[in-house]
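Summary of the model geometry
The residues making up each chain are set out below.
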Amino acid sequence: MSSIDEAVTLTPQYGFFSVTVEILEDDPETGKIKKVKEEHLVDGRNCTEVENKVKKEMEGVASDWKIVKCQTSKISVVY
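The structure presented is a predicted model; accordingly, all values stated were derived computationally and were not measured. (Residues numbered from 1 in each chain as written. Predicted model: local features only at pLDDT ≥ 70, side-chain atom pairs only at ≥ 80, totals over all residues. Heavy atoms only, no water.)

Quick notes on the overall build of the protein chain
For the protein chain, the helix and strand inventory stands at two helices and three strands. The helix and strand sequence of the protein chain, counted from the amino end, reads α-β-β-α-β. Out of the 79 residues in the protein chain, the part that is buried amounts to 24%. Summarising the internal contacts of the protein chain: among those between residues at least 6 apart in sequence, 61% fall at separations of at least 24. (Helix = DSSP H or I, 4+ residues; strand = E, 2+ residues; numbered from the N terminus. Buried < 20%, exposed > 50% of the residue type's maximum accessible area, 1.4 Å probe, protein only. Contact = heavy atoms within 4.5 Å.)

As for the pattern of salt bridges
Evaluated as defined, the whole model comprises three salt bridges. Glu 22 serves as the salt-bridge partner of Lys 66, at 3.9 Å between the closest nitrogen and oxygen. Of this pair, Lys 66 sits in strand β3 (residues 65-72) while Glu 22 sits in strand β1 (residues 16-26), and the two are 44 residues apart along the sequence. With a closest N to O distance of 3.0 Å, Glu 49 and Arg 45 form a salt bridge. One connected set of salt bridges, linked through shared partners, spans Arg 45, Glu 49 and Lys 53. (Salt bridge = Lys/Arg side-chain N within 4 Å of Asp/Glu carboxyl O.)

Shown next, in the form of structure tokens:
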């Protein structure tokens, strides 16, 4: 059996959304605060539901963060 046969395929129940999260982090080299952007791929019905999922996942993150973009993703399957 090849590794692709063993791969788990994720097909969204509703649709995938691309969410950009901006995190404020201390830069140890400069001592200044820098903005770091992360891309999250989230399954959901709409941006409101997806934003709530991201908020739940980000609970407990010590840094300040915010969602700066939520849009429908062109990705339909993840292996």
